[in-house]
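So you can see what is in the structure, the chains are spelled out below.
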Protein chains: 2
Amino acid sequence: MAEVKSDIEIARAAKKKPILEIGAALGIPPEDLLPYGHDKAKISADFIARQRGKKNGHLILVTAINPTPAGEGKTTTTVGLGDGLNRIGKKAIICIREASLGPCFGVKGGAAGGGYAQVVPMEDMNLHFTGDFHAITSAHNLLAALLDNHIYWGNEQNIDVRRISWRRVMDMNDRALRNIVGSLGGIANGYPRETGFDITVASEVMAILCLSADLRDLEQRLGNIIIGYRRDKSPVFARDIKADGAMAVLLKDAIQPNLVQTLENNPAFVHGGPFANIAHGCNSVIATTTALKLADYVVTEAGFGADLGAEKFFDIKCRKAGLKPDAAVLVATVRAIKMNGGVKKDDLGKENLEALRKGCANLGRHVQNVKKFGVPVIVAINHFTSDTEAEVQAIKDYVATLGAEAVLCRHWAEGSAGIEELAMKVAALAEGGHSQFSPLYPDDMSLFHKIETIAKDIYHASEVIADKSVRDQLRSWEDQGYGHLPICMAKTQYSFSTDPNLRGAPTGHAVPIREVRLAAGAGFIVVITGEIMTMPGLPKVPSSEKIFLNDQGYIEGLF
Amino acid sequence: MAEVKSDIEIARAAKKKPILEIGAALGIPPEDLLPYGHDKAKISADFIARQRGKKNGHLILVTAINPTPAGEGKTTTTVGLGDGLNRIGKKAIICIREASLGPCFGVKGGAAGGGYAQVVPMEDMNLHFTGDFHAITSAHNLLAALLDNHIYWGNEQNIDVRRISWRRVMDMNDRALRNIVGSLGGIANGYPRETGFDITVASEVMAILCLSADLRDLEQRLGNIIIGYRRDKSPVFARDIKADGAMAVLLKDAIQPNLVQTLENNPAFVHGGPFANIAHGCNSVIATTTALKLADYVVTEAGFGADLGAEKFFDIKCRKAGLKPDAAVLVATVRAIKMNGGVKKDDLGKENLEALRKGCANLGRHVQNVKKFGVPVIVAINHFTSDTEAEVQAIKDYVATLGAEAVLCRHWAEGSAGIEELAMKVAALAEGGHSQFSPLYPDDMSLFHKIETIAKDIYHASEVIADKSVRDQLRSWEDQGYGHLPICMAKTQYSFSTDPNLRGAPTGHAVPIREVRLAAGAGFIVVITGEIMTMPGLPKVPSSEKIFLNDQGYIEGLF
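Procedures and definitions
Residues numbered from 1 in each chain as written. Chains lettered and ligands numbered in written order. Predicted model: local features only at pLDDT ≥ 70, side-chain atom pairs only at ≥ 80, totals over all residues. Heavy atoms only, no water. UniProt positions renumbered as here; feature names shortened; annotations may be inferred. Helix = DSSP H or I, 4+ residues; strand = E, 2+ residues; numbered from the N terminus. Rg over C-alpha atoms; globule rule 2.2 N^0.38 Å. Buried < 20%, exposed > 50% of the residue type's maximum accessible area, 1.4 Å probe, protein only. Contact = heavy atoms within 4.5 Å. Pairing = 2+ DSSP bridges. Axes fitted to C-alpha atoms, helices over the stretch in contact; angles between N-to-C directions. Buried area = accessible area lost by both parts, 1.4 Å probe. Salt bridge = Lys/Arg side-chain N within 4 Å of Asp/Glu carboxyl O. Polar contact = N/O pair within 3.5 Å; in protein donor to acceptor, adjacent residues only side chain to side chain. Least-squares fit on C-alpha atoms with pLDDT ≥ 70 in both. Domains from an automatic or database assignment. Disulfide = S-S within 2.5 Å. Phe/Tyr/Trp six-rings, centres within 6.5 Å; stacked < 30°, edge-to-face > 60°. Lys NZ or Arg CZ within 6 Å of the ring centre and 35° of its normal. pLDDT = per-residue confidence, 0-100. Parallel < 35°, antiparallel > 145°, perpendicular 65-115°, else oblique. Left-handed = near helix turned anticlockwise from the far one by under 90°. Nonpolar A, V, L, I, M, F, W, Y, C, P; charged D, E, K, R; others polar. Expected span 1.5 Å × (residues − 1). Arc of directions from axis to C-beta.

As annotated in an unreviewed UniProt entry, chain A carries the name Formate--tetrahydrofolate ligase and is attributed to Ensifer adhaerens. In its Catalytic activity (unreviewed entry) section, UniProt records this for chain A: "(6S)-5,6,7,8-tetrahydrofolate + formate + ATP = (6R)-10-formyltetrahydrofolate + ADP + phosphate". Quoted verbatim from the Pathway (unreviewed entry) heading of the UniProt record, the comment on chain A is "One-carbon metabolism; tetrahydrofolate interconversion."

Here it is, written out as structure tokens:
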């Protein structure tokens, strides 16, 4: 194993094709590709508009068991499967999220995939990329500045300054900005009030950009953002202070999907990156719908495990964008299943069939949950070198008892050659036309009942606990016409329950609701269970301390 | 006059050439041009490094009389002169600053030039452009986050939290962020303290980017930034908390100059944009030095009037970068000179030779000041339709008495055809080899004496007033080894004095120093006279209210 290369070494050795060539293979003419350097490009809104009415390819969701410190490799498998499908002669596009810049300076950056299943250019994707997140930051903070400015000049809208819900954002891990008092320093600076910053990926503008069908829809949704309430508790919208037009102008390039490539020169759309807790955690609708027009297969992923990621992908993104997924791939690893079976991280190298079988309960529940949406599912075992044959076989045997199949994949080590079997089986599953997708709950169910449905059907909880104030708030939103919105659960990703330490497949637990929030622009109700951090901090020794440009001009320490 | 088109109409009708073609005409191979869309590109650091040792073209500074609400058209003349030089067969590149995004949402955006002397694409240049300002914002705020994080985790450097000088920045007009108390909300969020935000163009990182010779120099200067002081008053540098490497990584693309084009398809480098008060107000050194290798003529401008802009261009930028300007063009208009002679804005349409002659004193002093640097100067009268022949002749006659020449220019209405005479005379002046440039004061003069020299020789003040604390501070910096730095005056741009209402050519006034600041990374001492606003606010009716995308996808209301 002396020859194992690091992700960054592999990425640097990539033989990238000019991005215009990657686009040309998809039928995108050069004038509709707006290049950012030679290896990134945005796809023009004009070109996208011209694809309307064309037939869609097959949509494949890649999701996973509950994440553990052992790592599952969901993005790596998404990239690998895309390469694998191209290898077996299918035209496939990968759709994944963009990375946030701020966290890269805290702990080592999240690369896009790993091993021989990566998207490049990795450095750019972890830094400014094509500037989308900066544009979102600007649009978000313009609204905040206009809000305080409105109050400063007389508060014509009678905004209750105690009930302002719009904060500011920054793409940085900066705990000092979580809670601030602003507008200090006297008359010229406004009316002092408490506020704070979230990280950019937590911005509702991010969720809106990712759920918008086009620029017009985006502008409409931006106008729908609730920035606060009046003394009579009526909502004040972004359009009430005439912010929506300028915000849309700031986002006119950002809404265009970004085209990059895999190590094997297959196309990847990397676009948008909403939080997977207080938002829905999927790449943009516009990237996915565009990719579906250009390819036979679109392989996409959702944040966290299937209890959060797949559920939101189905109930928010697919419902709202009218998408019909044809198959789902559930990623698991021997190591992560063993952790779910109670093994500690240091002991993962040892074969432990008993713990593995126990941990399979987590995998099994996710398989059954995905089936509840009418989507056929296949399990991808993302191979690690420490896995034993007996362990792999035990997973396969277990999955067979669920009426599904598990396939061992070696894309990390071998690229597309290592994932051919999965690619063929996914293609067969999708082309078999077995999918009968429908969301978990109908639009017209009451908001509280929707929450209960997710908690009981997906989490296997016995009850949802909510104060009267929460129930009243939900009813009040129903009265205001927001009852049709889907639910966006903010829950720990480590467990089906709200207790991050409860691995496996717990049942009978309670789901306590701490708070509910209306994202009227994005179009969902956020239900918060437990503590959700919307502005991370930096560790004692931030990774930034070791990040620098070496003498060859390569970035060191970012990965 | 029914056919006069607006700047934006003219810009939209521009027949832009592909940016690779503009670059090719300068000898830049396609692989060294990093495109941003089809009409913008960054020039690779590799290419720039390969130009070392090549002969420099002629450097022409465009500066102006003190700005008035009547408008002078300095950028318009810079663009026009570049086009004019190309028209008469000289290979010329224009070097100007980038626009800041935030202020565009307050009042109508500053386009790059006007009429038929513009740089395009105007929309992009007023919005995100190639992301340079966002990168500067990120690098600045990473340092701020690392600083608070350092204190949070134990403050190993013993930073005195009362003496932190590093604030945060945002490219937005947001008065609510001028003064804040941060780190509120309990133990997890740090130690509460007063701080605030400046607008990005006021960041020392901006000044550093614009004064750096290359990426290595940039990293060095970033490390030199003073972020605060210890209890023993010793400075804490950015490198003390290991921030410099990661900041440089964030700026690796931003430091590469941006290539765009004029309406006449001539090359323009638009790069960097430091404040012209607390910073030096010039485009980047790297853009100017690169342009000098690629062209016979480089036409550049400096912020505000010549008392601030030209003085800092000569004493900071040229001194530090080893540049030798060959000629200076001083832009004036009949209207602005009349305002300097006491005419109110509403009366500018009427011929008024008496006021014009009186106002010429302002022009005359700037001409004589520029000559003090050994640089030959020519006056450009930027034509307005209301100018009378007698008024134009009066300026010409006056300038002749100074041993210089004034040339009428009609580039706004006619493009390069309207500025041929100026182009030929500038070329003759530069090629005549008359320039004997030297800065106003030597490096080894004491800091206070440098300030006095600028105040007396350039402003014609009789004295500099400074408290003991200011004088002690200057001496203390001299003791610490900063005595060789040049001075960066922050003074009102509307007058030679510190009183913005004192137009014309006042003498005998006093220059009171309110505060001095050490910009150890940028490499200058900021001397503040009067109130300097480093975070603008928005007006009662911000221009953002009328900014939107029309049905053709064009941006309305931004210009």
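Here the narrative resumes, following the displayed structure.
1. Details of the overall build of chain A
In terms of helices and strands, chain A carries 18 helices and 26 strands. Against the compact-globule benchmark of 24 Å for 559 residues, chain A has a radius of gyration of 23 Å, which places it among compact chains. If one aligns the C-alpha atoms of chain A with their principal axes, the spans along those axes are about 70 × 55 × 55 Å. Relative to its 559 residues, chain A shows a buried fraction of 63%. For chain A, the share of sequence-separated contacts (at least 6 apart) that also reach a separation of at least 24 residues comes to 74%.

2. Points about the sheet that holds strand S21 (residues 487-490) of chain A
Strand pairing in a sheet relies on backbone hydrogen bonds. The paired strands run either parallel or antiparallel. Residue and element names in this part refer to chain A. The sheet built from three strands is open, its strands ordered S21-S24-S23 with mixed pairing. Looking at which strands have only one partner, the edges of the open sheet turn out to be S21 and strand S23 (515-519). Each strand of the sheet is rotated relative to its neighbour by a mean of 20 degrees, with strand direction disregarded. Taken together, the four bridges between S21 and strand S24 (residues 524-528) define a ladder with parallel strand orientation.

3. A look at unusual backbone geometry
Most peptide bonds adopt trans geometry, and most residues besides glycine take a negative phi value. Omega for the peptide link from A:Val120 to A:Pro121 comes to 5 degrees, which places this bond in the cis form. Counting through the fold element by element, A:Pro121 comes out in the loop between strand S6 (117-120) and helix H5 (122-126). A positive phi is found at B:Phe129, a non-glycine position, where the angle reads about 50 degrees. Within the secondary structure, B:Phe129 sits in the loop between helix H5 (122-126) and helix H6 (132-152).

4. Observations regarding the interface of chain A and chain B
On the side of chain B, 67 residues touch chain A, which itself brings 67 residues to the contact. Taken together, the two surfaces of chain A and chain B that pack against each other cover about 5,700 Å², and 64% of this comes from carbon and sulfur. Per-residue buried area on chain A facing chain B is highest for A:Arg175, A:Val249 and A:Leu549; these three make up 11% of the total on that side. Where chain A meets chain B, there are six salt bridges. Note that B:Asp124 and A:Lys252 form a salt bridge whose closest N and O atoms lie 3.9 Å from each other. Where chain A meets chain B, there are 37 residue pairs in polar contact (both at pLDDT 80 or more). Broken down by secondary-structure element, the contributors of at least two residues to the side of chain A that touches chain B are strand S1 (33-35), helix H6 (132-152), strand S8 (168-170), strand S9 (180-182), helix H8 (215-224), helix H9 (244-250) and strand S25 (548-549) of chain A.

5. Side note on the UniProt feature "binding site: ATP" (unreviewed entry) in chain A
Residues and elements named next belong to chain A. Per the UniProt entry, the sites bearing "binding site: ATP" (unreviewed entry) are Thr 68, Pro 69, Ala 70, Gly 71, Glu 72, Gly 73, Lys 74 and Thr 75 in this numbering. With relative accessibility at 46%, the residue Pro 69 sits in the partly exposed group. Excluding residues that lie within four positions of it along the chain, Pro 69 makes contacts with Met 339, Lys 345 and Arg 503. For Lys 74, the position within the fold is in helix H4 (residues 74-87). If we skip the residues at most four places from it in the chain, Lys 74 touches Val 62, Thr 63, Ala 64, Glu 301, Ala 302, Gly 303, Phe 304 and Val 331.

6. With respect to the relation of the copies chain A and chain B
Rotating chain A by 180 degrees and moving it 0.0 Å along the rotation axis overlays it on chain B with an RMSD of 0.0 Å. Here the copies are linked by what is in effect a two-fold axis. Residue A:Tyr36, judged by its C-alpha, is the member of chain A lying nearest the rotation axis, at 2.3 Å. Interface overlap between copies is the fraction of interface residues in one copy that are interface residues in the other; for chain A against chain B it reaches 100%, indicating a shared surface.

7. Looking at the domain arrangement of chain A
Residue and element names in this part refer to chain A. When its domains are assigned, chain A resolves into domain 1 (7-130 + 254-431), domain 2 (132-250) and domain 3 (447-529). Placing a centre on the C-alpha atoms of domain 1 and another on those of domain 3 gives a separation of 27 Å. In this complex, domain 1 contributes 26 residues to the contact, which on the side of domain 3 involves 26 residues. Roughly 2,100 Å² of surface becomes buried between domain 1 and domain 3 when both sides are summed, with 60% attributable to carbon and sulfur atoms. Scanning the region where domain 1 abuts domain 3 turns up one salt bridge.

8. Section: the sheet that holds strand S12 (residues 226-230) of chain B
Residues and elements named next belong to chain B. Spatial ordering of the open sheet is given by S7-S12-S13, a layout of three strands whose pairing is antiparallel. Each of the sheet's edge strands pairs with one partner strand only, and the pair in question is strand S7 (159-164) and strand S13 (235-237). Geometrically, the sheet is characterised by an average inter-axis angle of 50 degrees between neighbouring strands, direction not taken into account. One ladder, built from three bridges, connects S12 with S13; its direction is antiparallel. The residue of S13 that forms the bridge with Tyr 229 is Pro 235.

9. Points about the state of the cysteines
Every disulfide links exactly two cysteines, by a covalent bond between their sulfur atoms. Residues and elements named next belong to chain A. Evaluation of the coordinates by the stated rule reveals zero disulfides over all chains. Lacking any disulfide linkage, Cys 318 is separated from the closest cysteine sulfur, that of Cys 282, by 7.6 Å. A relative accessible area of 1% means that Cys 318 is categorised as buried. The structure places no disulfide on Cys 360, whose sulfur is separated from the nearest cysteine sulfur, that of Cys 409, by 16 Å. Cys 360 sits in the buried class, given a relative accessible area of 1%.

10. Here's the deal with the packing of aromatic side chains
Per the counting criterion, the structure on display carries 10 aromatic pairs over all chains. With a centroid separation of 5.5 Å and 5 degrees between ring planes, the pair formed by A:Phe197 and B:Phe197 is classed as stacked. Taken as a pair, A:Phe197 in strand S11 (residues 197-199) and B:Phe197 in strand S11 (residues 197-199) lie in two separate chains rather than in one. A single burial state applies to A:Phe197 and to B:Phe197, both of which are buried. Between B:Phe314 and B:Phe437, the ring centres sit 5.5 Å apart and the planes meet at 45 degrees, which makes this aromatic pair tilted. A residue pair is termed long-range when its members are at least 10 positions apart, and B:Phe314 in helix H11 (residues 309-321) and B:Phe437 in the loop between helix H16 (420-431) and helix H17 (447-458) qualify at 123 residues. Aromatic rings pair up to connect A:Phe313, A:Phe314, A:Phe373 and A:Phe437 into one cluster. Between B:Lys491 and the ring centre of B:Tyr459, over which it is positioned, the NZ or CZ distance is 4.7 Å.

11. Here's the deal with the confidence of the model for chain A
In the predicted model, chain A carries a mean pLDDT of 96, and 99% of its residues have values of at least 70. Confidence metrics for the complex model read pTM 0.97 and ipTM 0.97.

12. Some details on the pairing of strand S15 (residues 267-270) of chain A
Residue and element names in this part refer to chain A. The alternating pattern of S15 places Pro 267 and Phe 269 on one face and Ala 268 and Val 270 on the opposite face, and all of these are buried. Judged from the three bridges that link them, strand S4 (residues 92-96) and S15 form a sheet pairing that is parallel. Among the inter-strand pairings, Cys 95 is bridged to a residue of S15, identified as Phe 269. Here three bridges tie strand S14 (residues 258-262) to S15, and the two strands are oriented antiparallel to one another. Residue Val 260 lies in a different strand from S15, and its bridge partner there is Ala 268. Hairpin connection of S14 to S15: four residues between the antiparallel strands, including Asn 265 at a positive phi of 65 degrees.

13. Looking at the packing of helix H7 (residues 204-211) of chain A against H8(A)
The geometry of a pair of packed helices is captured by two quantities: the angle between their axes and the separation between those axes. Residue and element names in this part refer to chain A. Where H7 meets H8, the axes come as close as 9 Å, and the angle between the chain directions of the two elements is 150 degrees. As far as their axial angle goes, H8 and H7 are roughly antiparallel. Of the two possible hands of crossing, H7 and H8 adopt the one that is right-handed. In contact with Val 205, Ile 208, Leu 209 and Leu 211 of H7, H8 contributes Asp 217, Leu 218, Arg 221 and Leu 222. Tallied by class, the residues present in the contact of H7 with H8 amount to six nonpolar, no polar and two charged.

14. Details of the environment of B:Thr534
Residues and elements named next belong to chain B. Assignment of secondary structure puts Thr 534 in the loop between strand S24 (524-528) and strand S25 (548-549). As a C-alpha pair, Thr 534 and Gly 305 span 229 residues in sequence and 19 Å in three-dimensional space. If we skip the residues at most four places from it in the chain, Thr 534 touches Asp 198, Ile 199, Ala 202, Phe 275 and Ile 278. A distance of 2.8 Å separates the side chain of Thr 534 from the side chain of Asp 198, its partner in a polar contact.

15. With respect to helix H18 (residues 468-479) of chain A
Residue and element names in this part refer to chain A. Taking 1.5 Å as the rise per residue, H18 with 12 residues should run 16 Å; its terminal C-alpha atoms sit 16 Å apart, in good agreement. Among all positions in H18, only Val 470, Leu 474 and Trp 477 are buried. When H18 is viewed along its axis, its buried side chains cluster within an angular range of 60 degrees and face the same direction. Of the exposed residues in H18, the ones pointing more than 90 degrees away from its buried face are Lys 468 and Asp 479. Where H18 is buried, its residues touch strand S12 (226-230), helix H17 (447-458), S23 and S24. Just beyond H18, the residue with positive phi is Gly 481, at close to 95 degrees.

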